[in-house]
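One-letter residues, chain by chain:
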Amino acid sequence: MNNFEFKNPTKVIFGKDTIAKLSEEIPADAKVLLLYGGGSIKKNGIYDQVKTALSNVNVTEFGGIPANPEYAVLMEALKVIKDKEITYLLAVGGGSVIDGTKFLSAAALYDGDTPWDILTQNIKTEKGMPFGTVLTLPATGSEMNSGSVITRKETQEKLAMGGPGLFPVFSILDPQVITSIPERQLANGLTDAFTHVLEQYMTYPIGARLQDRFAESILQTLIEVAPNVIKDPTDYKAAADFMWSCTMALNGLIQKGVPTDWAVHAIGHELTAMFGIDHARTLAVIAPSHYKFNFEAKKEKLAQYAERVWNVTEGSIDDKAYAAIEKTEAFFKELGIDTKLSDYTGDYEGTAEKISKRFTDRGWEGLGEHQSLTPDNVEKIVKMAY
Ligand code: NZQ
Ligand code: ZN
């Protein structure tokens, strides 16, 4: 195992009817900005639960953060933070609202003139405005990590940011929230979390047995609960396993001491920026091609995953590794997720060249666990995904 340091300061409050505990977590003298998305929380009762819990707190509201949180909208929220002298942020939503809130946490204390620089100059936020979250959609793990991805429509960019100052102070995870999530978003959540584990596992063996088994156990749990989650989101046992799996998939634990990849996400973000395709679906488009293109470098882990997660016991390493890719693609398809770019847009010609050029322009020369994937390689992977 490689050397590592691990610190995750987020307090998780997990379980049935835990939103009421908000009142114990927010400082009594805080001036809170409550941030939310397009309004689902007003229909499913989450907003009412939050407002009841905060009845004795000074709260201003900012709604309308869209999926793939948009810089221009967040800049309006930043103005509210400054005008109202807000001291504490509360995100009530999925990854988009939480990521938007992380950007605001950083931007609120940022000294520079243009907060967009935090994204383009890769500025790590050491200290942000404190914030908590009430998670309404299991998927990204944003509720227990310090990363965020922000979109800017004007320039068709989608860029990541983060830093040790951007962990939520607390996150409330009540699995009952999934009862109102549309099937499309449930499938997205399962696919996103599944791919998060793959990004931190599908590299090369270094003999980190515990990390491998953490990863495999999350994959197995997601596969096991997926049909129940989709069929009956009121199934609390399945919802709880689903929600905790998503959090554990990207709270930093499983990536410690092992190589990680993240090329699927880097390429996928470009597809969202260019075509507005849901984040999880871009991953299902890129992952199979990525694993085929990098087959030789990844086949030992692919074969281990085939054996341990999909019970593929017959054949050579190559046979098992290939079966692993097929099983993964079939799993996404069973969730109703298409795995080719042409399933989402007829306008895909030239996409591979465009992404490759963007990576070159940004100086991204080597993606993946060996930092050896060149923009040329990326072009080939995207073409394979057409
Ligand atoms: O906006 P509202 O009306 O709330 O509706 C949302 C939105 O339309 C709806 N929704 C959420 N909770 C619901 C619900 N509908 C009914 N009932 C509920 N309980 O679901 C839709 C999608 O929400 P969104 O927050 O966009 O989804 P998700 O959690 O998948 O987040 C995706 C974003 O997170 C980023 C992605 O790039 C994307 O921008 N990611 C963040 C990561 C991180 N911070 O660590 C890692 C990920 O890899 C990912 O990149
Ligand atoms: Zn993701």
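What you are looking at is a predicted structure, and each value in this text was computed from that prediction instead of being measured. (Residues numbered from 1 in each chain as written. Chains lettered and ligands numbered in written order. Predicted model: local features only at pLDDT ≥ 70, side-chain atom pairs only at ≥ 80, totals over all residues. Heavy atoms only, no water.)

**Thoughts on unusual backbone geometry**
Rule in force here: Each helix is a run of DSSP H or I of at least 4 residues and each strand a run of E of at least 2, with the numbering of both proceeding from the N terminus. Throughout this description, buried means an accessible area under 20% of the type-specific maximum (1.4 Å probe, protein chains only), exposed means over 50%, and partly exposed covers the range between.
A positive phi angle is found at W262, which is not glycine, with a value near 70°. Topologically, W262 is positioned in the loop between helix 9 (236-249) and helix 10 (263-275). The phi dihedral of N311 falls on the positive side, at around 55°, and the residue is not glycine. Judged by its relative accessible area of 60%, N311 falls in the exposed class.

**Here's the deal with the coordination of the zinc ion (ligand 2)**
Definition in use: Coordination partners: N, O, S within 2.8 Å of the metal, 3.2 Å for Na, K and Ca; water not considered, so apparent gaps in a site are possible.
For the zinc ion (ligand 2), the protein coordination sphere consists of D192 (OD), H196 (NE2), H265 (NE2) and H279 (NE2), at 2.0 to 2.1 Å. In primary sequence terms, the donor set of the zinc ion (ligand 2) follows D-x3-H-x68-H-x13-H. With D192 in helix 7 (residues 183-201) and H265 in helix 10, this residue pair connects regions lying 73 residues apart in the sequence. Judged by relative accessible area, which is 7%, H265 ranks as buried.

**Concerning the nonpolar core**
As a reminder of what qualifies: Remark: nonpolar core denotes a set of buried residues (Ala, Val, Leu, Ile, Met, Phe, Trp, Tyr, Cys) joined through side-chain atoms within 4.5 Å. For the purposes of this description, domain bounds are those given by an automatic or database domain assignment.
One finds L22, I26, V50, L90, F194 and Y305 to be the most contacted residues of the largest nonpolar core, which totals 120 residues. Residues from two domains meet in this core; each of domain 1 (11-176) and domain 2 (183-384) gives at least three.

**A word on the site of ligand 1**
Definition in use: Here a residue is considered near a molecule or strand provided that any single heavy atom belonging to it is located within 4 Å of it. Nitrogen and oxygen atoms within 3.5 Å of one another constitute a polar contact, given that in protein one can donate a hydrogen and the other can accept it, and given that sequence-neighbouring residues count only through two side-chain atoms. We get accessible surface area from the Shrake-Rupley algorithm with a probe of 1.4 Å; when it comes to residues, only the shown protein chains can shield them. Side-chain classes follow a simple rule in which Ala, Val, Leu, Ile, Met, Phe, Trp, Tyr, Cys and Pro form the nonpolar group, Asp, Glu, Lys and Arg form the charged group, and the remainder, Gly included, forms the polar group.
Contacts to ligand 1 come from 33 residues, most closely from G38, S40, G95, S96 and D99. Here N68 contributes a side-chain N or O atom positioned 3.2 Å from an oxygen atom of ligand 1. Protein burial of ligand 1: of its 970 Å² of free accessible surface, 87% is covered by the chains. Going through the elements one at a time, helix 5 (95-108), strand 6 (147-152), helix 7 and helix 10 are the ones with two or more residues in the shell around ligand 1. Across the shell around ligand 1, the residue classes tally to nine nonpolar, 21 polar and three charged. Structurally, the shell around ligand 1 is a two-domain feature, drawing no fewer than three residues from each of domain 1 (11-176) and domain 2 (183-384).

**Concerning the sheet that holds strand 2 (residues 31-36)**
The condition that has to hold: Any two strands with at least two DSSP-identified bridges between them are counted as paired. Axes here mean lines fitted to C-alpha atoms, for a helix over just the part in contact, with angles spanning 0 to 180 degrees between N-to-C directions. Whether two residues touch is decided by their heavy atoms; if any such pair falls within 4.5 Å, the residues are in contact.
One open sheet holds the six strands; their spatial order is 1-8-5-4-2-3, and the pairing between them is parallel. Two strands bound the open sheet, and with one partner strand each, they are strand 1 (11-14) and strand 3 (58-62). Each strand of the sheet is rotated relative to its neighbour by a mean of 20°, with strand direction disregarded. Where strand 5 (residues 131-135) lies against strand 8 (residues 170-173), three bridges are found, and the strand directions are parallel. The partner of T133 across the bridge, within strand 8, is S171. Packing against the sheet, helix 9 makes contact with strand 1, strand 5 and strand 8, and its axis sits at approximately 170° to strand 1.

**Points about the side chain of K298**
In this structure, K298 sits in helix 12 (residues 295-310). Relative accessible area serves as the criterion here: at 1%, K298 is assigned to the buried category. With near-sequence residues (within four places) excluded, K298 lies in contact with M202, T203, D261, H290, Y291 and E369.

**Here we look at the environment of I277**
You can see I277 is positioned in the loop between helix 10 and helix 11 (279-293). Note on I277: relative accessible area 6%, which makes it buried. Each C-alpha atom of the pair I277 and A67 lies 11 Å from the other, and the pair is 210 residues apart in sequence. Once residues lying within four places of it in the same chain are set aside, the contact partners of I277 are L271, T272, T282, L341 and Y344.

**Structural notes on the pairing of strand 6**
Taking burial as the measure, the six residues of strand 6 include five buried ones, the bulk of the element. As defined by bridge partners, strand 6 adjoins strand 7 (residues 157-162) across six bridges and the pair is classed as antiparallel. Within strand 7, the position partnered with R152 by the bridge is E157. Count of turn residues in the strand 6/strand 7 antiparallel hairpin: four residues, of which Q156 carries a positive phi of about 50°.

**As for the packing of aromatic side chains**
Both the distance between ring centres and the angle between the ring planes are used here to describe each pair of aromatic rings. Condition: Here the aromatic set is Phe, Tyr and Trp, taking the six-membered ring for Trp, and pairing holds for ring centres within 6.5 Å; pairs whose planes are under 30 degrees apart are stacked, those over 60 apart are edge-to-face, and all others are tilted. Only Lys NZ and Arg CZ are tested; either one counts as a charge over a ring when it is within 6 Å of the ring centre and within 35 degrees of the ring normal.
Summed over the entire model, instances satisfying the criterion amount to eleven aromatic pairs. Arranged with centres 6.4 Å apart and planes meeting at 65°, the rings of Y201 and Y305 form a pair that is edge-to-face. Taken together, the residues Y201 in helix 7 and Y305 in helix 12 connect sequence positions 104 residues apart. Three or more aromatic residues link up through ring pairs in this structure, and these residues are F194, W310, F331 and F332. The positively charged end of K16 is found above the aromatic ring belonging to Y236, 4.5 Å away from the centroid.

**With respect to the domain arrangement of the chain**
Put simply, the rule is: Joining two parts hides part of their accessible area as seen by a 1.4 Å probe, and the buried area is that hidden amount summed over both. Basic side-chain nitrogens of Lys or Arg form a salt bridge, by our definition, when they fall within 4 Å of a carboxyl oxygen of Asp or Glu.
Considered domain by domain, the chain is made up of domain 1 (11-176) and domain 2 (183-384). Each of domain 1 and domain 2 was reduced to a C-alpha centroid, and the two centroids are 26 Å apart. Taken residue by residue, the interface counts 24 residues in domain 1 and 22 residues in domain 2. Taken together, both faces of the contact between domain 1 and domain 2 bury some 2000 Å²; the carbon and sulfur share is 65%. Of all residues in domain 1, the largest losses of buried area upon contact with domain 2 belong to P138, Q156 and K158, amounting jointly to 29% of the total for that side. Linking domain 1 with domain 2 are zero salt bridges, by the criterion used here. Along the contact surface separating domain 1 from domain 2 lie four residue pairs in polar contact (both at pLDDT 80 or more). Where the side of domain 1 that touches domain 2 is concerned, the elements lending two or more residues are strand 1 and strand 7. Of the residues belonging to the side of domain 1 that touches domain 2, the class tally is eleven nonpolar, eight polar and five charged.

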